[in-house]
Amino acid sequence: MAEKDKNFSRRDFLKTSGIATGALIGGGIIGGLIGANTNKQDNATDSSSSSGGTKEASSSIRGLTFFKSMADFEVLSQATERIFPEDDLGPGAIGLAVPYFIDNQLAGSYGENSKEYMQAPFAQGEPTQGYQSRLKRNEMFMQGIQLMQEEADSRFKTKFVDLEGEQMDEILTAFQENEIKMRGVESQFFFRLLRQATLEGAYADPIYGGNANMDGWQMKGFPGHQLAYIKDIESEDFVEIKPKSLGMNH
Amino acid sequence: MVTTLEGVDVVTVGVGWTGGIIAAECSKEGLKVVGLERGRERGTADFSMVHDEYRYAVRYELMQDLSKETLTFRNNRKQRALPMRQLGSFLLGVGLGGAGTHWNGQTWRFLPYDFEIKTMTDKKYGANKLSADYTIQDWGITYDELEPYFDRFEKTIGLSGEDKNPFWGKRSSDFPTPPMKKTPILQRFEKAATNLGYSPFMMPSANLSEAYENPDGQKINACQYCGFCERFGCEYGAKTSPEITVVPTAKETGNYDVRFNSNVVEVMKEGDKVTGVRYYDTVTFEEFIQPANVVVLTSYVMNNAKLLMVSNIGQQYDPETGQGSLGKNYAYQILPGATGFFDEQMNTFMGAGALGMTIDDFNGDTFDHGDLDFIHGASLSSTQTGSRPILSNPTPPGTPSWGAEFKKASIENFTRTLSVGGQGASMPHKENFLGLDDTYKDIYGVPLLQLTYNFTDQDRALHSYITEKAAGIVKEMGAKTVAASGEITDYDIVPYQTTHNTGGTIMGADPATSVVNNFLQHWDAENLFVIGAGNFAHNGGYNPTGTVGALAYRCAEGIIRYSREGGSLV
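By the naming in an unreviewed UniProt entry, chain B goes by GMC family oxidoreductase and is assigned to Planococcus kocurii. The record in UniProt for chain B states the following under Sequence similarities (unreviewed entry): "Belongs to the GMC oxidoreductase family."

Going by what an unreviewed UniProt entry lists, chain A is known as Dehydrogenase and is assigned to Planococcus kocurii.

Next comes the structure, spelled out in structure tokens:
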């Protein structure tokens, strides 16, 4: 892994964006870009937790709306868990039901790119010109997941979901560093999408099917949907507030 | 089959701040006004479930649907321009209120220096301070001339603030409402800035510190500090916006009508006057012509410029010759800054869009540029706008971007990170401009606007100078780790930066070098007016809305006078 200790794509992205370290402009949100540069190996968790959502917000029946194969869904689940693993702070992506969140999103307007300009002609542009693929996001996810499976097979002669955590990380890092050949999209773009979708599933209001039990918010000290902070805004101390979902009010 | 409707006195294209102000002022004077808005009706009641980061901030619920219309972009003329297929660098609004619904409410008057930047720079530093490639010019109006209109806009929106900034222009009256609450986070900035010899003051805020009734009788409520302003609408009616102020004022006159789902595609012109606009009903795709005595372009920077271009009104700017004014002087902003990581937890998730403190010690020409290779500067602010967990994952330098270490650090620092950010001014450059694309079209078959833009040497020098100042303040605030912005290279349209786009339909005193005069009346058609940040001949170190609002009141006065007297207003 030592030779993979760099994230060129992310660094280049930061350089060209000119906003490397999170100045809040007009309340803009760029804190998430801070200092992301290496992918060091960690051993805080292993990936042996069962795939497919071990803990959910409710006991209601859950099914897949986009994925048609449990095998693909399990690859997605393990990949998201490596990005946001379970640790002593709390659940990881699987425990937060992130894979279900992503499945739902891929079936809807997010996955279908319904608010994006998708007219031809498509041409390869400069990185500063952004996304120029004719693929929809859900097509990128399907292709990316199949390629993860293929990489597992060619590198380790086994299924992705049966790999050790570090082996999964090696494959994800290869995507992140644009070393995997994808059709119609660069693998670093897909990886960025996967990472972002994982964070969305971990921290979006539970009404979207992720952030199970609001554990994502609980871990982060974010109270979710509160009516007002006017009574606490001048408090010198950190105020701990029990999180609340939009779904709890209606 | 085009249906021609009954004529009106005034038609506005878009109903946000500028369209709303024109409607309110003109309809009060008895003029019949129609506002054509391509989006939907909406208001405070639509925002009862707005505390939803995913829907509004991440998936852009209130923003323009790019499947219908976007723009194309290239860094320079040698590149092939390609569509901005997803929103990123800036967020285009749609619907009643426009960007005035999803804004933060940080409301400024540009500095006196801004309006006479060319004259004042030449006088102080000589004519060669910047190379001839930078097309800075005076605005054809002074701060003092515009002051009454600033005052008017601020009273309409009930602006909260304090007159404690030694560097801004003279005010004819105090802020309509007192400043917002000076929270412990802001106090930390205030103390650090004061220690360093700077002059901090509360940021002027349109998230009101107390309930207020404006001169038109519209009521705005007091901010509850819920932390959901930018990219959201306000469920309290406490973030001043057009749909709770100027739009109802216009409607109450009985002389105003807003037509929704109405997308204007052309300004009709005959001789030296315009006759009305052609638009599509976005639901049925029926085509209409709305005749009007006065046409006012009140949509965003991008669409105002595009409509003039597709309607062949004015002379398109040509970077080869420097001739033409339409599309000229497009400018963005430069965002230097620094982030600090602290030991203690702070209530970073509470806040309001314009809850902040600022210094202007490095803005405009408040400091000497004699030994510096740039002009102008940036306001530097620490804001407490309400951090939200999906888009705010701050980690100290060296942290991986995913995996166990990332998770731990991003959770740890969510409530332990503060930033000082600069809004850096952007000087116009001859190679930065707006044009029409010859390949890509919108769903109505109209060419897309084409943006050619890159950062310049001036921008890079300004960025690195101001970043150092920001890092100094963050350090003084007591951060254990300070992460300053990296150097800027090429402009990248992908990551969000700021929605403070300016230029393209610039104002001025000379028809050869501007699109509109200082009443925002088009030089080539006396009954056509164009309002917005597109009028700015360069971009300053502040949010644009205060200056846009002032220009809109000035324009309204011009339209009323034109309606009575006709002719050129200058």
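A.B. asks: Sorry, what's going on with the pattern of salt bridges here?
C.D. replies: Where side chains of opposite charge bring their charged atoms close, a pairing between them can arise. All names here are of chain B. Applying the stated rule across the entire model yields 38 salt bridges over all chains. One salt bridge connects E29 with R564, and the closest N-O pair in it is separated by 2.5 Å. Of the two residues, E29 is situated in the loop between α1 (17–28) and β3 (33–36) and R564 in helix α12 (residues 545–565); the sequence distance between them amounts to 535 residues. Residue classification places E29 among the partly exposed residues on the basis of a relative accessible area of 43%. The shortest N-O distance in the salt bridge between K164 and E162 comes to 3.5 Å.

A.B. asks: Please clarify how the UniProt feature "domain: Glucose-methanol-choline oxidoreductase N-terminal" (unreviewed entry) in chain B should be interpreted in this entry.
C.D. replies: The sites that UniProt annotates as "domain: Glucose-methanol-choline oxidoreductase N-terminal" (unreviewed entry) are residues 214–329 of chain B. For residues 214–329 of chain B, the helix share is 15%, the strand share is 30%, and the end-to-end C-alpha distance is 35 Å.

A.B. asks: Could you clarify how one ought to interpret the pairing of strand β11 (residues 273–281) of chain B in this entry?
C.D. replies: Side-chain direction in a regular strand flips from residue to residue, so the side chains alternate between the two faces of the sheet. All names here are of chain B. Of all nine residues in β11, seven are buried; the element is thus mostly enclosed. Of the strand pairs in this sheet, strand β10 (residues 262–270) and β11 are connected by eight bridges, and their pairing is antiparallel. Residue pairing for β11: N263 is matched across the bridge by Y280. The antiparallel hairpin formed by β10 and β11 contains two residues in its connecting segment, where G271 sits at a positive phi of about 65°. Bridge analysis of β11 against strand β12 (residues 287–297) gives five bridges, and the strand direction is antiparallel.

A.B. asks: What's the story with the sheet that holds strand β13 (residues 337–341) of chain B in this structure? I'm lost.
C.D. replies: Hydrogen bonds along the backbone pair up the strands of a sheet, which may run parallel or antiparallel. All names here are of chain B. With antiparallel pairing, six strands are arranged side by side in an open sheet as β6-β14-β15-β16-β13-β19. Two strands lie at the open edges of the sheet, namely β6 (201–202) and β19 (481–484), each paired on one side alone. Direction of pairing for strand β15 (residues 378–383) relative to strand β16 (residues 417–424): antiparallel, over a ladder of four bridges. In the strand pairing of β16, L380 is matched with G422.

A.B. asks: Would you take a moment to explain helix α5 (residues 117–125) of chain B for this structure?
C.D. replies: What sets the pattern is the α-helix's 3.6 residues per turn: residues three or four places apart point alike. All names here are of chain B. Looking at α5, one finds that the buried residues are I117, T121 and Y125. Looking straight down α5, one finds that the buried residues subtend no more than 25° of arc, so they occupy a single side. Against α4 (112–115) lie the buried residues of α5. Immediately downstream of α5, the backbone of G126 shows phi near 85°, a positive value.

A.B. asks: In this structure, what is going on with the packing of aromatic side chains? I would like to understand it.
C.D. replies: Scanning the model with the defined rule gives 51 aromatic pairs over all chains in all. Arranged with centres 5.7 Å apart and planes meeting at 85°, the rings of F84(A) and Y203(A) form a pair that is edge-to-face. Residue F84(A) is located in the loop between α2 (70–83) and α3 (98–107), and its partner Y203(A) is located in helix α7 (residues 187–203); the two are separated by 119 residues in the primary sequence. Relative to Y491(B), the ring of F73(B) has its centre 5.4 Å away and its plane inclined at 85°; by these criteria the two rings are edge-to-face. You can see F73(B) sitting in strand β4 (residues 71–74) and its partner Y491(B) sitting in the loop between β19 and β20 (528–530), a full 418 residues away along the chain. No difference in accessibility class separates F73(B) from Y491(B), as the two residues are buried.

A.B. asks: Mind showing me how you'd approach unusual backbone geometry here?
C.D. replies: The phi angle of most residues is negative, glycine excepted, and most peptide bonds adopt the trans form. Cis geometry marks the peptide bond from A120(A) to P121(A); its omega dihedral reads 0°. Position of P121(A) among the secondary structure elements: in the loop between α4 (109–112) and α5 (137–156). Positioned with a positive phi, Y225(B) is a non-glycine residue whose angle comes to about 60°. Looking at where Y225(B) falls in the secondary structure, it is placed in the loop between β8 (219–220) and α8 (246–252). Assessed through its relative accessible area of 2%, Y225(B) is described here as buried.

A.B. asks: Please clarify how the side chain of T240(B) should be interpreted in this entry.
C.D. replies: Residue and element names in this part refer to chain B. Tracing the chain through its elements places T240 in the loop between β8 and α8. Within polar-contact distance, the side chain of T240 engages the backbone oxygen of I157 at 2.8 Å. Those residues in contact with T240 that lie beyond four places of it in its chain are W17, G100, W103, I157, A206, L208, I220 and T245.

A.B. asks: Mind showing me how you'd approach the packing of helix α6 (residues 143–157) of chain B against α12(B) here?
C.D. replies: A pair of packed helices can be characterised by two numbers: the angle between their axes and the separation between those axes. All names here are of chain B. Put simply, α6 and α12 touch, their axes get as near as 8 Å, and they point 110° apart. It follows that α6 is roughly perpendicular to α12 by the angle criterion. Residue-level contacts link L146, Y149, F150, R152, F153 and T156 of α6 to T545, G546, T547, G549, A550, L551, Y553, R554 and E557 of α12. For the contact of α6 with α12, the residue count by class is seven nonpolar, five polar and three charged.

A.B. asks: Hey, could you run me through the interface of chain B and chain A in this one?
C.D. replies: Quoted interface sizes are often the accessible area lost when the parts come together. Listed by partner, the interface residues are 112 residues for chain B and 100 residues for chain A. Note on chain B versus chain A: buried area summed over both sides is about 8400 Å², and carbon and sulfur give 58% of it. It is R85(B), W402(B) and K407(B) in chain B that bury the most area against chain A; as a group they hold 12% of the surface buried on that side. If you look at where chain B meets chain A, you find three salt bridges. Broken down by element, the side of chain B that touches chain A gets its largest block of residues, seven residues, from helix α10 (residues 404–413) of chain B. The residue inventory of the side of chain B that touches chain A, partitioned by class, reads 49 nonpolar, 42 polar and 21 charged.

A.B. asks: Which parts of the structure should I look at to understand the UniProt feature "domain: Glucose-methanol-choline oxidoreductase C-terminal" (unreviewed entry) in chain B?
C.D. replies: The positions that UniProt labels "domain: Glucose-methanol-choline oxidoreductase C-terminal" (unreviewed entry) are, in the present scheme, residues 428–552 of chain B. Across residues 428–552 of chain B, helical content stands at 22% and strand content at 18%; the span's end C-alpha atoms are separated by 23 Å.

A.B. asks: In this structure, what is going on with the confidence of the model for chain A? I would like to understand it.
C.D. replies: Low pLDDT marks regions whose predicted coordinates should not be analysed in detail. Residue-level pLDDT values for chain A average 83, and 75% of them are 70 or greater. With pLDDT under 50 throughout, residues 1–58 of chain A is counted as low confidence; its partners more than four residues away or in other chains account for 186 contacts.

A.B. asks: How do you make sense of α3(A) when you look at a structure like this?
C.D. replies: For α3(A), the buried fraction is high: eight of the ten residues fall into the buried class. The set of residues buried in α3(A) consists of V98(A), P99(A), Y100(A), F101(A), I102(A), D103(A), Q105(A) and L106(A). Taken together, the buried residues of α3(A) touch α2, α4, α5 and α7 of chain A together with α2 (53–58) of chain B.

Calculation criteria
- Residues numbered from 1 in each chain as written.
- Chains lettered and ligands numbered in written order.
- Predicted model: local features only at pLDDT ≥ 70, side-chain atom pairs only at ≥ 80, totals over all residues.
- Heavy atoms only, no water.
- UniProt positions renumbered as here; feature names shortened; annotations may be inferred.
- Salt bridge = Lys/Arg side-chain N within 4 Å of Asp/Glu carboxyl O.
- Helix = DSSP H or I, 4+ residues; strand = E, 2+ residues; numbered from the N terminus.
- Buried < 20%, exposed > 50% of the residue type's maximum accessible area, 1.4 Å probe, protein only.
- Pairing = 2+ DSSP bridges.
- Arc of directions from axis to C-beta.
- Contact = heavy atoms within 4.5 Å.
- Phe/Tyr/Trp six-rings, centres within 6.5 Å; stacked < 30°, edge-to-face > 60°.
- Polar contact = N/O pair within 3.5 Å; in protein donor to acceptor, adjacent residues only side chain to side chain.
- Axes fitted to C-alpha atoms, helices over the stretch in contact; angles between N-to-C directions.
- Parallel < 35°, antiparallel > 145°, perpendicular 65-115°, else oblique.
- Nonpolar A, V, L, I, M, F, W, Y, C, P; charged D, E, K, R; others polar.
- Buried area = accessible area lost by both parts, 1.4 Å probe.
- pLDDT = per-residue confidence, 0-100.

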